[in-house]
Protein chains: 4
Amino acid sequence: MKKREVPASVKDERLVKKRRNQMIKGAISLFKQKGFHQTTTREIARASGFSIGTLYEYIRKKEDVLYLVCDRIYDEVRDRMEQAIDTTQGDLDGLKLAIAYYFRVVDELQDEVLVMYQEAKSLGKESLPYVLNKELQMVAMFEHILRRCVDNRVFSLTEQEIQLFAHNIFVLGQMWGFRRWALKKMYTLDEYIELQTKLLLEGIIKR
Amino acid sequence: MKKREVPASVKDERLVKKRRNQMIKGAISLFKQKGFHQTTTREIARASGFSIGTLYEYIRKKEDVLYLVCDRIYDEVRDRMEQAIDTTQGDLDGLKLAIAYYFRVVDELQDEVLVMYQEAKSLGKESLPYVLNKELQMVAMFEHILRRCVDNRVFSLTEQEIQLFAHNIFVLGQMWGFRRWALKKMYTLDEYIELQTKLLLEGIIKR
Amino acid sequence: MKKREVPASVKDERLVKKRRNQMIKGAISLFKQKGFHQTTTREIARASGFSIGTLYEYIRKKEDVLYLVCDRIYDEVRDRMEQAIDTTQGDLDGLKLAIAYYFRVVDELQDEVLVMYQEAKSLGKESLPYVLNKELQMVAMFEHILRRCVDNRVFSLTEQEIQLFAHNIFVLGQMWGFRRWALKKMYTLDEYIELQTKLLLEGIIKR
Amino acid sequence: MKKREVPASVKDERLVKKRRNQMIKGAISLFKQKGFHQTTTREIARASGFSIGTLYEYIRKKEDVLYLVCDRIYDEVRDRMEQAIDTTQGDLDGLKLAIAYYFRVVDELQDEVLVMYQEAKSLGKESLPYVLNKELQMVAMFEHILRRCVDNRVFSLTEQEIQLFAHNIFVLGQMWGFRRWALKKMYTLDEYIELQTKLLLEGIIKR
DNA sequence: CATGAATGAGCCTTCATTCAT
DNA sequence: GATGAATGAAGGCTCATTCAT
């Protein structure tokens, strides 16, 4: 799936990158507080450090900002994951590390993840599939790790189970972000990681 | 936490109930399609079968509609659960049934659940805590079941683990609603229930 | 060619008619001064005696106002002509009267005619053909009179000449409106009518 | 009436002339398609082959472009007329030739004439009188020819009739441009010239 | 109680114009 | 001289809310 390019009036690629960085940063902080729909383009411009006119030199429609934000967040999450995680190892510790690291990334980028999580649905039909696809790529990372473990007979799972388990890891990671109003009262991040890892891997049934 | 009452200009309680039912039904179908912010009050009125003027006889602000909708959905989900599930039994089959039944309710009310799930955040500071509290009550239902199982030594979990596990059940149930774009390609509802139950209870580690 | 209906949100047909009359009157006076593009919707609303919100209860787009204005002006001109002129008589005096009367109508509605004349081109592809068609209907009125004269052997013209002559009358009438900056310095309306009639009918060549 | 000079920041007169030629050419083609108001300065710059910054080195306001365009078109029309027509001859064939030639010029420059015709009214109070004056000069050309004919007793007209007839020629020439949507269906240019000449000179009354 | 016309704050977006490089 | 990024006033339009009937 090819990247959806948001056209800018400004030619200088360097500048476009810089301004969009300002924009994304400003927008995330606003979306976090008030959500996409409640945030006005003027607020985005001001938070980005330039005028409304300038904002529209770098996007065409308000929705482009949201797309840019979502796009960026996923890239950020994935970059961090890819830098830290070896998906090919295929042992239990590798899996645990991946889960722990993913949970930590979510924690670190909790505002960003929350924003994307809550606002992505406001993307139009043009952008949504692309963002959803990025999500699947993240899930696929976990699938890959799991598959390698199964290959190595660390545990035994059907393909269906692998995919579902990968989704579970992904969603339970996000959960730390989108349910922090409940979870932070009960756990530290480390506790959360430890407990979730345990529950995920061992289940609850005494055997 | 006491119920937040939405004041109506109309006095006849019977009528208020009837009109609000129309309203909630109309609003859900609209929110489902276009989200809360994209839906206008006029559309809500029309979908409810009365005029914009009448709509405002039964609410004060547009947000009240959202609150009413969220409130109703939770009641619906909880009513169904309470009708079907005995939370005091405390054996493994009871837990499995509760999970299965909850998942089925989510499936049945998937549009409603999705709406609430995606739009609840648009509630103002006045209503949000109340809705969040309802969510915790649902989670508490699972906590209660789990706690009874632990009491009965069906399995052994710390209080922290109980709470987290309950959250996991709750969120993984919702996941069937909010990630159906991905999950329905891979599983039927029955498969989903069976696999999730297995993964949740047994984990993945070969022991 | 069917009338292009401009949809209104307001249901009461009586009210729609009344409000649109206010609107057309206000808009003409503004378009006269500043032209369509230089006139803002807010100005139109104010000149019509209601708010911007109300304006948009009776039109969908700014261009609708222009269409309504053009439509009205043509109806006005034609109504007046049809009330006063008998197109079936077919004698020279009848033709002269028609020309004179048309010129007087243009003079009376000179602001309106000027507006329509200058701004009609701003109509979109949807409305323009309809307005152009109305213009042709006016021309056709003169064609009809001329044709009757030819039938009565008042003078002899080919069909091509009839049509062109009708266009000439029409445009030379409008000319009194759109070139008044030059013509009013030289002629009164009566003089203009007399002279144009003479030139049109007799030409200039001494025979 | 002295020429209204549009000030340029650039000193080099040669360059100013060259750039403005590019500008006028680009602008006419745009105004033709979309009208003055719908055309943006950026589009004019692009169509002229230089940047928006450069455009403003050669004009002060967008309206200057329109003035320059109108000014140029009139010069163009008049130059062509003056090159071909001898206004002093004073016989019937000279008049016929002048009319025919004028109509041909209008046909050749029909886009330009249409633009000027439709957009001139958008000129501000500063420029409009000047352009209107140019128009009168064109009319005066016909007056002059007519006056010479009257002097030569080719036909007999009062001064008032001369002026009106000159206006008629001028407007009926333009009519070929601004009513081509109707006229081209009925006549070729040659037919139009022939018929109009006949109607203008001979009138329609059988004598 | 029901209706729907009226309101106007406020939103997104455009674009003429400027000015530092 | 040329460029094009930056600006912000202003425009078209929407929609939550009110209130007279």
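Everything numeric here is computed off the predicted structure, so don't read it as measured data. (Residues numbered from 1 in each chain as written. Chains lettered and ligands numbered in written order. Predicted model: local features only at pLDDT ≥ 70, side-chain atom pairs only at ≥ 80, totals over all residues. Heavy atoms only, no water.)

1. Observations regarding the interface of chain B and chain A
As a reminder, the rule being used: Throughout, a residue-residue contact means that at least one pair of heavy atoms, one from each residue, lies within 4.5 Å. Buried area is a sum: the accessible area each of two parts loses on coming together, probed at 1.4 Å, counted once for each and added. Within this document, salt bridges are pairs made up of a side-chain nitrogen of Lys or Arg and a carboxyl oxygen of Asp or Glu, the two lying within 4 Å of each other. Any N or O atom pair separated by 3.5 Å or less is treated as a polar contact, with the protein-specific requirement of one donor-capable and one acceptor-capable atom, and with residues adjacent in sequence counted only for side-chain atom pairs.
Between chain B and chain A, the contact holds 49 residues from the first and 49 residues from the second. Both sides of the chain B and chain A interface together cover about 4600 Å² of buried area, and 62% of this is carbon and sulfur. Between chain B and chain A we count 4 salt bridges in total. Residue glutamate 135 of chain A is joined to arginine 179 of chain B by a salt bridge in which the shortest nitrogen-to-oxygen separation is 2.3 Å. The interface formed by chain B and chain A contains 18 residue pairs in polar contact (both at pLDDT 80 or more).

2. Quick notes on the protein's contact with DNA strand F
To be explicit about the condition: It suffices for a single heavy atom of a residue to lie within 4 Å of a molecule or strand for the residue to be listed as near it. In DSSP terms, a helix is any run of H or I states spanning at least four residues, a strand is any run of E spanning at least two, and both are numbered starting from the N terminus.
The local shell around DNA strand F holds 41 residues, among which Arg19, Arg42 and Tyr58 of chain A, Tyr56 of chain C together with Lys11 of chain D are the closest. Sugar and phosphate atoms represent 62% of those atoms of DNA strand F found within 4 Å of the protein. Threonine 41 of chain B is positioned with one of its backbone polar atoms (N or O) 2.7 Å from a phosphate oxygen of DNA strand F. At a separation of 2.8 Å, a phosphate oxygen of DNA strand F approaches a polar side-chain atom of arginine 19 of chain D. For the surface near DNA strand F, the elements supplying multiple residues, two or more each, are helix H1 (13-38) and helix H3 (52-58) of chain A, helix H2 (41-48) and helix H3 (52-58) of chain B, helix H2 (41-48) and helix H3 (52-58) of chain C together with helix H1 (13-38) and helix H3 (52-58) of chain D.

3. Describing the relation of the copies chain C and chain D
Put simply, the test is: The fit set for superposing copies consists of C-alpha atoms from residues with pLDDT of at least 70 in both; the fit itself is least squares.
Take chain C, turn it by 179 degrees, move it 0.1 Å along the axis, and it overlays chain D with an RMSD of 0.2 Å. The two molecules are tied by a two-fold rotation axis, judged by turn and shift. Among all C-alpha atoms of chain C, that of glycine 203 of chain C lies closest to the rotation axis, at 1.9 Å. In this assembly the copies share their binding face: 100% of the residues contributing to the interface of chain C also contribute to that of chain D.

4. Brief notes about the pattern of salt bridges
Residue and element names in this part refer to chain A. In plain terms, the rule: Exposure is judged per residue with a 1.4 Å probe applied to protein chains only, and the accessible area is read against the type maximum: over 50% gives exposed, under 20% gives buried, and values in between give partly exposed.
Scanning all chains against the criterion turns up 71 salt bridges over all chains. Ionic pairing is found between aspartate 64 and arginine 4, a salt bridge with its closest N-O pair at 3.3 Å. Note that aspartate 64 is positioned in helix H4 (residues 62-84) and arginine 4 in the segment before H1, a separation of 60 residues in sequence. Classification of arginine 4 as buried rests on a relative accessible area of 12%. Salt-bridge contacts for glutamate 82 lead to arginine 78; the nearest nitrogen and oxygen are separated by 3.9 Å. Placement of both glutamate 82 and arginine 78 in helix H4 is noted, with a separation of 4 residues, approximately one turn of the helix. The partly exposed category is assigned to arginine 78, whose relative accessible area is 22%. Linked by salt bridges that have partners in common, Arg4, Arg60, Asp64 and Glu126 make up one network.

5. As for the UniProt feature "DNA-binding region" (unreviewed entry) in chain A
Note the following rule: UniProt positions are given in the numbering used here, feature names are shortened, and annotations may be inferred rather than shown by experiment.
In the numbering used here, UniProt assigns the feature "DNA-binding region" (unreviewed entry) to residues 40-59 of chain A. The distance separating the terminal C-alpha atoms of residues 40-59 of chain A is 14 Å; by composition the span is 75% helix and 0% strand.

6. A few points about the UniProt feature "domain: HTH tetR-type" (unreviewed entry) in chain A
Mapped onto the present numbering, the UniProt feature "domain: HTH tetR-type" (unreviewed entry) falls at residues 17-77 of chain A. This span, residues 17-77 of chain A, is 87% helix and 0% strand, and a straight line between its end C-alpha atoms measures 19 Å.

7. Looking at the packing of aromatic side chains
Residues and elements named next belong to chain A. Inclusion rule: Side-chain rings of Phe, Tyr and Trp (the six-membered ring for Trp) are treated as a pair once their centres are within 6.5 Å; stacked means planes under 30 degrees apart, edge-to-face means over 60, and tilted covers the remaining angles.
In this structure the tally under the stated criterion is 46 aromatic pairs over all chains. Their ring planes at 0 degrees and their centres at 4.4 Å tell us that tyrosine 117 and phenylalanine 178 sit as a pair that is stacked. Linking tyrosine 117 in helix H6 (residues 110-119) with phenylalanine 178 in helix H8 (residues 159-178), this pair joins segments that are 61 residues apart in sequence. Phenylalanine 178 matches tyrosine 117 in its accessibility class, with the two residues each being buried.

8. Overview of the protein's contact with DNA strand E
As a structural note, the neighbourhood of DNA strand E is formed by 41 residues, with Tyr56 of chain A, Arg19, Arg42 and Tyr58 of chain C together with Thr41 of chain D the closest of them. In the interface set of DNA strand E, defined as its atoms within 4 Å of the protein, sugar plus phosphate atoms amount to 61%. For DNA strand E, a phosphate oxygen lies 2.9 Å from a polar atom in the backbone of threonine 41 of chain A. When residues of the surface near DNA strand E are traced back to their parent elements, those giving at least two are helix H2 (41-48) and H3 of chain A, helix H1 (13-38) and H3 of chain B, helix H1 (13-38) and H3 of chain C together with helix H2 (41-48) and H3 of chain D.

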